[in-house]
Amino acid sequence: MGLNSLRGALAICVCLAMTASQGYAEDLLSAYHEAVAHDPVLAEARARLAEDRAGLPAARSALYPHIGAAASVGGNRAQVTGIGLPILTDYLSDSYSVTLTQPLFNGQALSALGVARARLRAGTAGLIQAQQHLRHL
């Protein structure tokens, strides 16, 4: 067996090894993507994170000003008496109001916002942990 034959055999082995490792990598990558798509622990972590994200705007909204509106309409009847015949009059009375309130300090709302932020951080950490666990399987 000459040197050229040995080089040719070595080149074929290297090509086969590269092809085999590429196929393995594609299979491993597709398996990982499949596991990410269907892993129940990861799906649960994603759902919890989505729930925690939804809680943050709700907690923040308690710090915003509150506006209220009211309206009322009523009917009145008046009988005016004096000199002469009594006068009977019907008329409508209405009232409208708009209120805007903004508390200067709302400790309960600030505490709820802190809790919502902590839950969001915990949910993010839980998702990262689930992803890391999946990668190390």
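Everything that follows concerns the structure shown earlier in this document.
Outline the pattern of salt bridges, supporting the account with residue identities and numerical values.
Opposite charge on two side chains permits pairing when their charged atoms draw close. Summed over all chains, the structure comprises two salt bridges. Between Glu 44 and Arg 48 there is a salt bridge whose closest N-O contact spans 2.7 Å. Placement of both Glu 44 and Arg 48 in helix α2 (residues 40-61) is noted, with a separation of four residues, approximately one turn of the helix. For the salt bridge of Asp 90 with Arg 77, the shortest nitrogen-to-oxygen distance reads 2.7 Å. Remark: Arg 77 occurs in strand β1 (residues 66-80) and Asp 90 occurs in strand β2 (residues 87-101); sequence separation between them is 13 residues. Residue Asp 90 shares its accessibility class with Arg 77, and that shared class is exposed.

With reference to specific residues and values, describe α2.
Residues that lie three or four places apart on an α-helix share one face, since the helix turns once every 3.6 residues. Between the first and last C-alpha of α2 there are 33 Å, a value that for 22 residues agrees with the 32 Å anticipated at 1.5 Å per step. Among the residues of α2, those classed as buried are Leu 42, Ala 45, Leu 49, Asp 52, Leu 56 and Ala 59. One face of α2 carries all of its buried residues, which in axial projection span an arc of 100°. Structural note: α2 exposes Pro 40, Glu 51, Ala 54 and Ala 58 on the side pointing more than 90 degrees away from its buried face.

Each value, and the rule that gives it
- Residues numbered from 1 in each chain as written.
- Predicted model: local features only at pLDDT ≥ 70, side-chain atom pairs only at ≥ 80, totals over all residues.
- Heavy atoms only, no water.
- Salt bridge = Lys/Arg side-chain N within 4 Å of Asp/Glu carboxyl O.
- Helix = DSSP H or I, 4+ residues; strand = E, 2+ residues; numbered from the N terminus.
- Buried < 20%, exposed > 50% of the residue type's maximum accessible area, 1.4 Å probe, protein only.
- Expected span 1.5 Å × (residues − 1).
- Arc of directions from axis to C-beta.

By themselves, these observations are geometric and do not establish any function.
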